[in-house]
Amino acid sequence: MNTALPLAPADGKLGILLVGLGAVSTTTIAGVMAIRKGLAKPIGSLAEMGTVRLGKRSDNRSPSIREFVPLAELDDIVFGGWDIFEDNCYEAAKHAGVLDEKLLDQIKDELSGIKPMSAVFDRHYVKRLDGPNVKKGKNKKDLADQLIADIRKFKADNNCSRLVLIWAGSTEIFLTPSACHASLATFEKGLEDNDPAISPSQIYAYAAIKEGLPYANAAPNLSAEVPALSELALQTGSPYCGSDMKTGQTLIKTIIAPGLKARLIGVAGWYSTNILGNRDGEVLDDPESFKSKEESKKGALDYIFQPHLYPDLYKDISHVVRINYYPPRGDNKEGWDNIDIFGWLGYPMQLKINFLCRDSILAAPIVLDVALFLDLSKRAGLKGIQEWLSFYFKSPMHAPDIYPEHDLFIQLMKLKNTLRYMRGEELITHLGREYYD
Ligand SMILES: NC(=O)c1ccc[n+]([C@@H]2O[C@H](COP(=O)([O-])OP(=O)(O)OC[C@H]3O[C@@H](n4cnc5c(N)ncnc54)[C@H](O)[C@@H]3O)[C@@H](O)[C@H]2O)c1
């Protein structure tokens, strides 16, 4: 038996603060409320429905993850958040059109009670949106201080013992780290000087991490993925993770690609296109926001196929990703993948996937799991990047000197081994030692 990490219990209330009370956030919040009332099951949530095998297969020990590690109870969760629109969560959920009105009406009072705090927003970073519920401030430092005041007030008003903050706002324009992101000192100067390289999502990330809160970036835009915020997180003890939740087409990609690679089936091309009609789709119709999404979606295949190790199979994959805004479908996305593959002696074959998915239905359990597991990380004293939560993201954050792991099955093994490690249980290698001992 290894030594367990000291894990503080999940006593008291956990506040989950969401930036952007749109389709993803309201589907998460309404879902948790419906589950608490016994109206539905938390399908897709590993924290709620998953199990973890311990010891040898013959030991028959597979407790639920929830029994194995101390996670906040759903009854102890309180939600809050910010949005540029003033709609309460019931109105916003109706507008998002993901969940049936019949379900929403059963939790209407509780949902309507969640009203967005005023947002830090600037149209420069999300061209297709504008709304009235926006803070004014003398500079970006002042706006960050206002967010910190919101966070503290929410915690006190709702009697929370712990908080987690997740960016689930619209995709901002594509930005790469610049000089002001190099260190905490340059970043704080940038906040004072209104440096345009600092976007609203980074101001939320700064406020959360400055307060020592766990933070996650559920969107593809640059947020906490900069050296300045990593420095701050190590100082304040914040665990954080991201970026861009792995739902829809990329989820399927990271399920199929490791299988093809495992059997050394070659890939000549992978063409992905999809239609999407929600507000996210509308924002992504702007080329600068689309660029953030495109970069995030394209990374996975390169890392999974490792063309430098397998040049004969994966050197020149033609990988194309398209997202088309098509209003009639709303949140119900349809994706098509055409994969040109080749086998023994180079003989070509094709694989076609047509996925009729529901984006926010796939995203909501991720938001819940990430919040519960980040809270666990914080109570386990883990800080900085939480690579064990890569399982949930399209572009997993990783240390600068290693490459990100995109293979869903390796990510799952890493996640469960991290839980075993926290509890001092033996890590599982799938060696099957009983055959040789
Ligand atoms: N749905 C999915 O499957 C999925 C998967 C991966 C990533 N994402 C990302 O999650 C994010 C949210 O997706 P969604 O479908 O809920 O979109 P949405 O458009 O329904 O909701 C986003 C909300 O964020 C608000 N917002 C924008 N900027 C803000 C700011 N600065 N402060 C506060 N609020 C702000 C908007 O007003 C809107 O209500 C997007 O960036 C999307 O790309 C979604």
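Break down the overall build of the protein chain for me, with residues and values.
Per the secondary structure count, the protein chain includes 16 helices and eleven strands. Here the C-alpha atoms of the protein chain give a radius of gyration of 22 Å, agreeing with the 22 Å that 2.2 N^0.38 yields for 437 residues. With respect to the three principal axes, the spread of C-alpha positions in the protein chain is 65 × 50 × 50 Å. Relative to its full complement of 437 residues, the protein chain shows a buried share of 47%. Look at the contacts in the protein chain between residues 6 or more apart in sequence, and 77% of them connect residues 24 or more apart.

Hey, could you go over the sheet that holds strand 10 (residues 348–358) for me, with residue numbers and the actual values?
The strand order across the open sheet built from four strands is 8-7-9-10, with neighbouring strands paired in mixed fashion. The sheet is open, and its two edges are formed by strand 8 (318–325) and strand 10, each paired on a single side. Pairs of neighbouring strands in the sheet enclose a mean axial angle of 10 degrees, with direction left out of account. When strand 7 (residues 266–276) meets strand 8, the two strands line up parallel, connected through eight bridges. Counterpart to Gly-269 in the pairing with strand 8 is Ser-318. Sheet strands touched by helix 11 (residues 248–262): strand 7, strand 9 (332–342) and strand 10. Its angle to strand 9, the strand with the most contacts, is close to 20 degrees.

Describe the domain arrangement of the protein chain, and please don't skip the residues or the numbers.
Along its sequence, the protein chain is organised into domain 1 (13–245 + 361–423) and domain 2 (248–358). With centres defined by C-alpha atoms, the gap from domain 1 to domain 2 works out at 25 Å. Each partner contributes to the interface: domain 1 provides 28 residues, whereas domain 2 provides 30 residues. Where the side of domain 1 that touches domain 2 is concerned, the elements lending two or more residues are helix 15 (359–379) and helix 16 (408–423). Grouping the amino acids of the side of domain 1 that touches domain 2 by side-chain chemistry returns 14 nonpolar, eight polar and six charged.

Break down the pairing of strand 6 (residues 239–242) for me, with residues and values.
Burial of the side chains of strand 6 extends over both faces: Pro-239 and Cys-241 are buried on one face and Tyr-240 and Gly-242 on the other. Crossover strand 5 (residues 215–217) to strand 6 through helix 10 (residues 227–236) is right-handed. For strand 6 and strand 11 (residues 384–385), the ladder comprises two bridges, and the chain directions are parallel. For Pro-239, the partnering residue across the bridge sits in strand 11 and is Gly-384.

Go over the environment of Glu-172 with me, naming the residues and quoting the values.
Structurally, Glu-172 is set in the loop between strand 4 (160–167) and helix 8 (184–192). Glu-172 sits 145 residues away from Ile-317 along the chain, and the two C-alpha atoms are 28 Å apart. Discounting residues that sit within four places of it in the chain, Glu-172 has contacts with Tyr-125, Val-126, Ser-199, Ser-201, Asn-221, Ser-289 and Ser-292.

Explain the sheet that holds strand 4 to me, and be specific about the residues and the numbers.
With respect to topology, seven strands assemble into an open sheet ordered 3-2-1-4-5-6-11, the strand pairing being parallel. Edge positions in the open sheet fall to strand 3 (117–118) and strand 11, since each of these has one partner strand only. Pairing analysis gives six bridges linking strand 1 (residues 13–19) to strand 2 (residues 77–83), with the strands arranged parallel. Bridging across to strand 2, Leu-14 finds its partner in Ile-77. Against the sheet, helix 15 engages strand 1, strand 4, strand 5 and strand 6, with an angle of about 130 degrees to strand 4.

Which residues make up the site of the ligand, and what values do they have?
Close to the ligand lie 36 residues, the nearest being Gly-20, Gly-22, Val-24, Ala-219 and Arg-279. Among the secondary structure elements, those contributing two or more residues to the shell around the ligand are helix 1 (23–36), strand 2, helix 12 (279–284) and helix 15. When residues of the shell around the ligand are assigned to their parent elements, the largest contribution, four residues, is made by helix 15. A class-by-class count of the residues in the shell around the ligand yields 21 nonpolar, ten polar and five charged.

Requested: an account of the environment of Ser-243, with residues and values cited.
Looking at the secondary structure, you find Ser-243 in the loop between strand 6 and helix 11. With 23 C-beta atoms packed within 10 Å, Ser-243 lands in the buried category.

Account for helix 7 (residues 140–157), with residues named and values stated.
With 18 residues, helix 7 should reach 26 Å at 1.5 Å per residue; the first-to-last C-alpha distance of 26 Å fits that figure. Among all positions of helix 7, only Lys-140, Leu-143, Ala-144, Leu-147, Ile-151 and Lys-155 are buried. The buried residues of helix 7 occupy an angular sector of 120 degrees when projected down its axis, which confines them to one face. In helix 7, the exposed residues that point more than 90 degrees away from the buried face are Ala-149, Arg-152, Lys-153, Ala-156 and Asp-157. Where helix 7 is buried, its residues contact strand 1, strand 4, helix 8 and helix 9 (200–210). Following helix 7 by one or two positions, Asn-159 adopts a phi angle in the positive range, close to 55 degrees.

Explain the nonpolar core to me, using residue names and the numbers behind them.
Residues Leu-111, Ile-166, Tyr-204, Ile-209, Val-367 and Val-370 are the most contacted members of the largest nonpolar core, which totals 102 residues. Tallying contributions element by element places helix 15 first for this core, with eleven residues. Not counting residues within four places of it along the chain, the set of residues in contact with Ile-166 comprises Leu-18, Val-19, Ala-216, Ala-218, Val-367, Val-370 and Ala-371. Residues Ala-300, Ile-304, Phe-305 and Tyr-314 belong to the second largest nonpolar core, which totals nine residues.

Let's hear about the pairing of strand 9: which residues, and what values?
Direction of pairing for strand 7 relative to strand 9: antiparallel, over a ladder of nine bridges. The residue bridging Tyr-271 from the neighbouring strand is Asn-338, located in strand 9. Bridging between strand 9 and strand 10 involves eleven bridges; their strand directions are antiparallel. Across the sheet, the residue bridging to Asp-340 is Gln-350, located in strand 10.

Rules of the game
Within any chain, residue numbers begin from 1 and follow the written order of that chain's sequence. Totals for whole chains, interfaces and linings use all residues, but because this is a predicted model, local features are given only for residues with pLDDT of at least 70 and pairs of side-chain atoms are given and counted only at 80 or more. Helix and strand labels come from DSSP, where a helix needs a run of H or I of at least four residues and a strand needs a run of E of at least two; each type is numbered from the N terminus. Note on method: radius of gyration uses C-alpha positions; expected globular size equals 2.2 Å times residues raised to 0.38. With C-beta atoms placed from the backbone, a residue is labelled by how many other C-beta atoms lie within 10 Å of its own: buried for 20 or more, exposed for 12 or fewer, partly exposed between the two. Each residue gets a C-beta atom placed from its backbone, and two residues are in contact if those atoms lie within 7 Å. At least two DSSP bridges between two strands are required for those strands to pair. Convention adopted: a line fitted to C-alpha atoms gives each axis, helices being fitted over their contacting stretch, and angles between N-to-C directions are expressed from 0 to 180 degrees. Boundaries of every domain are those given by an automatic assignment or by a domain database. Residue polarity follows a fixed list, in which Ala, Val, Leu, Ile, Met, Phe, Trp, Tyr, Cys and Pro are nonpolar, Asp, Glu, Lys and Arg are charged, and the others, Gly among them, are polar. We call a crossover right-handed when, viewed with both strands directed away from the observer, the connection leading from the first strand over the helix to the second proceeds clockwise. Here, nearness is defined through the C-beta atom: a residue counts as near a molecule or strand if that backbone-placed atom lies within 6 Å of it. In this scheme, a helix's expected span is set at 1.5 Å multiplied by one less than its residue total. This arc is taken over the directions from the axis of the helix to the C-beta atoms. A set of buried residues drawn from Ala, Val, Leu, Ile, Met, Phe, Trp, Tyr and Cys, joined through C-beta atoms within 7 Å, is what defines a nonpolar core.

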